[in-house]
Amino acid sequence: MDANNLHKLLARQINRYLTEDCLKHDRFQQFVKAVNESYHNFDRDKELFEHSSFLNEREYAAINLKLKEEISQRRQSEEKLIEAIKSMEIPEGEEMPEFGPENLVTLVDFLQKQIDYRKQIEQELRTAKEIAESATLAKSDFLSMMSHEIRTPLNGIVGMTYLMSQEEVPPSLAENIKTLQFSIEHLQALINDILDFSKIEAGKVELEEAAFDFKHLVSNIKRAHQFKAEENGTRIKLMVDDDIPDSLIGDSLRIGQVLSNLVSNAIKFTKKGTVTIELSLQYKDDDYASIYVSVQDTGIGIALEKQKAIFELFTQANSATTRQFGGTGLGLVITKRLLELHGSEIGVESEEGKGAKFYFTLNLRVSSLQKTVFNTVDVINEHTLRGVRILLVEDYPVNVKVALKFLHRWGVLVDVAENGQVGLDKFRSGTYDLILMDLQMPIMDGYTSTEQIRETNTNIPVIALTASATYSNRDRAISAGINDYVTKPFNPNDLFQKIAKYCHRLN
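Residues numbered from 1 in each chain as written. Predicted model: local features only at pLDDT ≥ 70, side-chain atom pairs only at ≥ 80, totals over all residues. Heavy atoms only, no water.

A few words on the packing of aromatic side chains. A complete count under the given rule lists six aromatic pairs for this structure. On the numbers, 5.7 Å between centres and 55° between planes, the contact of Phe212 with Phe214 is tilted. Judged on exposure class, the residue Phe212 and its partner Phe214 are both buried. Judged by centre distance (6.3 Å) and plane angle (80°), the ring pair of Phe311 and Phe358 falls under edge-to-face. Separated by 47 residues along the polypeptide, Phe311 in the loop between strand S5 (288–297) and helix H7 (319–325) and Phe358 in strand S7 (residues 356–366) bring together distant segments of the chain. Here the two residues Phe311 and Phe358 agree in accessibility, since each one is buried. (Phe/Tyr/Trp six-rings, centres within 6.5 Å; stacked < 30°, edge-to-face > 60°. Buried < 20%, exposed > 50% of the residue type's maximum accessible area, 1.4 Å probe, protein only. Helix = DSSP H or I, 4+ residues; strand = E, 2+ residues; numbered from the N terminus.)

Along its 18 residues, helix H5 (residues 214–231) runs 27 Å from first to last C-alpha, staying within 8% of the 26 Å computed at 1.5 Å per residue. Along its length, H5 reaches its greatest deviation from straightness, about 45°, at His225. If you check which residues of H5 are buried, you get Phe214, Lys215, Leu217, Val218, Ile221, His225 and Ala229. Two or three places before Lys215, at the start of H5, stands the capping residue Asp213, its side-chain oxygen 3.0 Å from that residue's backbone nitrogen. Count one or two residues on from H5 and you reach Gly233, which has phi positive near 70°. (Expected span 1.5 Å × (residues − 1). Bend = angle between axes of the 7 residues up to and from the residue. Polar contact = N/O pair within 3.5 Å; in protein donor to acceptor, adjacent residues only side chain to side chain.)

A cluster of nonpolar side chains, Phe142, Met145, Met146 and Ile150, forms an exposed patch at the surface whose accessible area comes to about 340 Å². Of note, Ile150 is situated in helix H3 (residues 104–166). What makes Ile150 partly exposed here is its relative accessible area of 34%. (Patch = residues over 30% accessible without salt bridge, like charges linked within 9 Å, V, L, I, M, F, W, Y side chains within 5 Å. Areas by Shrake-Rupley, 256 points an atom, 1.4 Å probe, with all protein chains shown as cover. Salt bridge = Lys/Arg side-chain N within 4 Å of Asp/Glu carboxyl O.)

Glancing now at the side chain of Asn419. When you line up the elements, Asn419 lands in the loop between strand S9 (413–417) and helix H10 (420–429). By relative accessible area, Asn419 is classed as buried at 6%. Within the local environment of Asn419, its side chain forms a polar contact with the backbone nitrogen of Val422, the two atoms lying 2.9 Å apart. In this structure Asn419 touches Val393, Met441, Pro442, Ile443 and Met444, once residues within four positions along its chain are discounted. (Contact = heavy atoms within 4.5 Å.)

It is worth spelling out the environment of Tyr447 at this point. Looking at the element boundaries, Tyr447 is found in helix H11 (residues 446–456). On the basis of relative accessible area, Tyr447 is assigned to the buried category, the value being 4%. Sequence separation of Tyr447 and Gly481 is 34 residues, and the distance between their C-alpha atoms is 8.2 Å.

Right, let's talk about unusual backbone geometry for a bit. Going from Lys488 to Pro489, the amide bond is cis rather than trans, its omega being -5°. Turning to its location among the elements, Pro489 is positioned in the loop between strand S12 (484–487) and helix H13 (492–502). Notably, Lys272 is not glycine yet its phi reads approximately 50°, a positive angle.

Do not read the predicted coordinates in detail wherever pLDDT is low. Averaged over every residue, the pLDDT of the protein is 81; residues scoring 70 or more account for 83%. Taken as a whole, residues 314–327 scores under 50 in pLDDT and shows 24 contacts with residues more than four places along the chain or in a different chain. Confidence drops under pLDDT 50 across residues 372–378; counting only partners more than four residues distant or on other chains, this segment forms 15 contacts. (pLDDT = per-residue confidence, 0-100.)

The description of two helices packed together rests on the angle between their axes and the distance between the axes. At a minimum axis distance of 9 Å, the contact between H10 and H11 shows a crossing angle of 20°. One way to sum up the angle between H10 and H11 is to call them roughly parallel. The way H10 lies across H11 gives a crossing that is right-handed. Along its contact with H10, which presents Gly420, Leu424, Phe427 and Arg428, the element H11 presents Ser449, Gln452, Ile453 and Thr456. For the contact of H10 with H11, the per-class residue count stands at three nonpolar, four polar and one charged. (Axes fitted to C-alpha atoms, helices over the stretch in contact; angles between N-to-C directions. Parallel < 35°, antiparallel > 145°, perpendicular 65-115°, else oblique. Left-handed = near helix turned anticlockwise from the far one by under 90°. Nonpolar A, V, L, I, M, F, W, Y, C, P; charged D, E, K, R; others polar.)

Taken in spatial order, the five strands of this open sheet run S9-S8-S10-S11-S12, and their pairing is parallel. Strands with a single pairing partner mark the edges of an open sheet, and in this sheet they are S9 and S12. Direction aside, the axes of adjacent strands within the sheet are offset by 20° on average. Inspection of the sheet shows strand S8 (residues 389–393) paired to strand S10 (residues 434–437) by four bridges, in the parallel sense. In the strand pairing of S10, Val393 is matched with Met437. Taken strand by strand, helix H9 (residues 397–409) contacts S8, S9 and S10, and its axis lies near 165° from that of S9. (Pairing = 2+ DSSP bridges.)

Membership of the largest hydrophobic core comes to 43 residues, with the highest contact counts inside it found for Phe214, Leu248, Leu259, Leu262, Leu279 and Phe358. Within the residue set of this core, elements represented by two or more residues are helix H4 (171–201), H5, helix H6 (252–268), strand S4 (274–284), S5, helix H8 (331–341) and S7. The element best represented in this core is H6, accounting for seven residues. Not counting chain neighbours up to four residues away, the residues in contact with Leu279 comprise Phe214, Val218, Met239, Val240, Asp241, Ile244, Ile291, Tyr292 and Val293. In this structure, Leu404, Val412, Leu434 and Val486 belong to the second largest nonpolar core, which totals 25 residues. (Core = buried A, V, L, I, M, F, W, Y, C linked by side-chain atoms within 4.5 Å.)

Turning to the pattern of salt bridges, a few remarks are in order. Tallying each qualifying case throughout the model produces 11 salt bridges. Measuring nitrogen to oxygen at the nearest pair gives 3.7 Å for the salt bridge that ties Asp438 to Lys488. On the criterion of sequence distance, the pair formed by Asp438 in the loop between S10 and H11 and Lys488 in the loop between S12 and H13 is long-range, its members being 50 residues apart. With relative accessibility at 3%, the residue Asp438 sits in the buried group. Look at the salt bridges and you will find they share partners, linking Glu394, Asp438 and Lys488 into a network.

Structure (structure tokens):
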């Protein structure tokens, strides 16, 4: 037996208690070998146990530390929760109980009561919101109905007044007609302001994305207000940066409305002075152009303390302004809201008695078109529409009379139908180049009539000639198959151009 392989403790015991003769027996050597292995196994097990005990102690310490941290965090959370609950607004008549870590059940019960209370408040708010939305819808419907009812007879007044202004009449009558036109324009402006505001308030205004020439738009606005400015002895100056791109993408109608509101206000409050419209390029890259716009006048000005109020509903600088100059007080509110839809803000600089300056910046996409082309007829040529056959579907006799006077003057051949059903029957039995369709009529309305026309003919142009000016009516008309829209009281030039466009009579 090799003594070097023996466990040191076993070798020491053999040397002490046994002789060499004892170690010579084979069976005894096998016994010593088995004992030796047991000693070695015991040492290995001892090492494993000691290592395992060490690991367990370290894990226990880590778990114990984590547990202490969690207990501390829980205590802090409980304290913060209790503090937050104590700061809550509780229903009237209910007292706040005392909370502590030892009575968390009370805390849970109190929280459940508060959750139920908040749910009740939320339901009440939801109900109030639904009632408010219903009231807004009812108001929108009322405004739509009133707008239609006012615009229908107003169309006859506007049309007849325009026709009278084109005739040779005595000077005294011409002066009366001029006064009548001014009153009509004022009434139209009031109706349009109220309707526009109702659209904006109801969130019905969606900005269009189309190419337009900003410089051309501003030039047209100046031209449109030139006559009124001359009446006030006021000069309109236009300062336009030549670096502004010729073609930009945006809603030219709404941008024009903003500028028209500001220019109209400036002229209204400026006597024998100057109104300056400025356009300048602030920044431009391949995709966007940032354009600074301002309208400055030398009129009555606005006191500093009133400058914020003029952008609020139905508010002007003072009551004397309303009496002297008129207006709803909605123009600047509409302007402000429209600019907000464009992601812009309107600013004002003014001093009472020293004029005012309104300004804003628009970020518009640059169009890939090199030049925006305007293919319109600026002046009515009464030979352009000669021989065009039109079916006029209209139930209001005065509006029929007004429309016929214009259409006959332009040489148009007209067939009249007093409602949608008669219009449908005449369409089926006749041949027409275009249909002028009122929308709200007895027996069959214009939407239904157009839908049935479209079942057999998808090509004939149908233009809505209507006093229904809301966006919902416009959308419904387009869905029914109507190509375009002319709102009563209509501008004769607008109607002329649309008929010419759809009958392919434009040069």
